[in-house]
Amino acid sequence: MKRKRNIFDKLFIGLVTLTASSLAHSNYVEELHQLECTECSSFFSKPITTFAEFSASPYPKNIIVYIGGGDTNVGWALGRGLFVPTYPTTAGVYDLTSYGTAVFILDFPGNLGNMYERGEFSAAGRGTTNHHRQVTQAIKFARKKYPNKPVYLVGHSNGTVSVNRTMDYLADTDQLSLVKGIALSAPIQEEIGNFNSHNVRALVTIHTKDKCKGRTATYDKDRVIEDLSEETSDVKGALFQGGTNYGAGRKGCDGGYHSYESAEGQFTDALFNWMNE
């Protein structure tokens, strides 16, 4: 027979719930970091590496260092506090904090523009050595804060250029051990033929209706996997379906399919399952 709960039972349950909620809240980290890139070169002052840190646990299972595409920016929040990312792919990565992942989202000053036209001393250029040094600085910061946790470098759209070129930089500087795996989300087509996993685990994700620059999702995914497979056999691919395209008139690289609008949960699940295999 079930015992009827009295007022003391209810008070105890409420206290436990409140305590658990308070502990969970006290463990949550939402912080903006700004570090001088001491290893970067510059005619004047050193570039500042800016990234947001999100974590729901003081003992995360793993770490993601995320580099977004053209629309990912945390710098605008300076002076106004942080925010929960709303850009679909960024939000999909952020949601992994609920599953024990510490997430570091990088930001770069100014308009990233055309990565092939940026000069060596442009802090925003995807292909510059300074940019790769800043990504590496964020990785090292994350590893120092959460020792012995695997780091996964994740890029979306133009962010896949950053991931690919940073991996080349890490290989050239004998620092590949900093990263356990890379994930390329909607990889930029100009890089196809140049993607290199450098013998780390890899994941490739694309929406089936993504038409950014005339993309054919399955074909593009298979071509990138072919690039990565030259270095490692541990390459996975995932195609997403559903979601929205921001309504009529939005398509291609500006469309919702390219950023997994309303399908970002599939991106979260794909990353989570891949990291925890």
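Residues numbered from 1 in each chain as written. Predicted model: local features only at pLDDT ≥ 70, side-chain atom pairs only at ≥ 80, totals over all residues. Heavy atoms only, no water.

Chemist: Kindly report on the side chain of Thr 97, identifying the contributing residues and their values.
Modeler: Tracing the backbone shows Thr 97 in the loop between helix 2 (88-94) and strand 4 (101-107). For Thr 97, the contacting residues outside a window of four places in its chain are Phe 54, Ser 55, Ala 56 and Val 103. (Helix = DSSP H or I, 4+ residues; strand = E, 2+ residues; numbered from the N terminus. Contact = heavy atoms within 4.5 Å.)

Chemist: Provide a residue-level description of the state of the cysteines, including the pertinent values.
Modeler: Under the criterion given, the structure shown has two disulfides. Between the sulfur of Cys 37 and that of Cys 40 lies a disulfide, 2.0 Å long from S to S. Taking the sign of the torsion about the S-S bond as the criterion, the disulfide between Cys 37 and Cys 40, at about 70 degrees, is right-handed. The buried category is assigned to Cys 37, whose relative accessible area is 1%. Residue Cys 212 pairs covalently with Cys 253 via a disulfide, S to S 2.0 Å. Classification of the bridge connecting Cys 212 and Cys 253 rests on its S-S torsion, roughly 80 degrees, and on that basis the disulfide is right-handed. Of the two residues, Cys 212 sits in the loop between strand 7 (201-207) and helix 5 (217-229) while Cys 253 sits in the loop between strand 8 (235-240) and helix 6 (264-275), which places them 41 residues apart along the sequence. Residue classification places Cys 212 among the buried residues on the basis of a relative accessible area of 5%. Take Cys 253: its relative accessible area is 32%, and that puts it in the partly exposed class. (Disulfide = S-S within 2.5 Å. Buried < 20%, exposed > 50% of the residue type's maximum accessible area, 1.4 Å probe, protein only.)

Chemist: Mind laying out the pattern of salt bridges, listing which residues take part and the relevant values?
Modeler: Under the definition given, this model contains 11 salt bridges. Here Arg 223 and Asp 220 are joined by a salt bridge, their closest N and O atoms 3.0 Å apart. Highlighted residues: Arg 223 and Asp 220, both in helix 5, separated by three residues, approximately one helical turn. Between Lys 236 and Asp 234 there is a salt bridge, and its shortest N-O distance comes to 3.4 Å. (Salt bridge = Lys/Arg side-chain N within 4 Å of Asp/Glu carboxyl O.)

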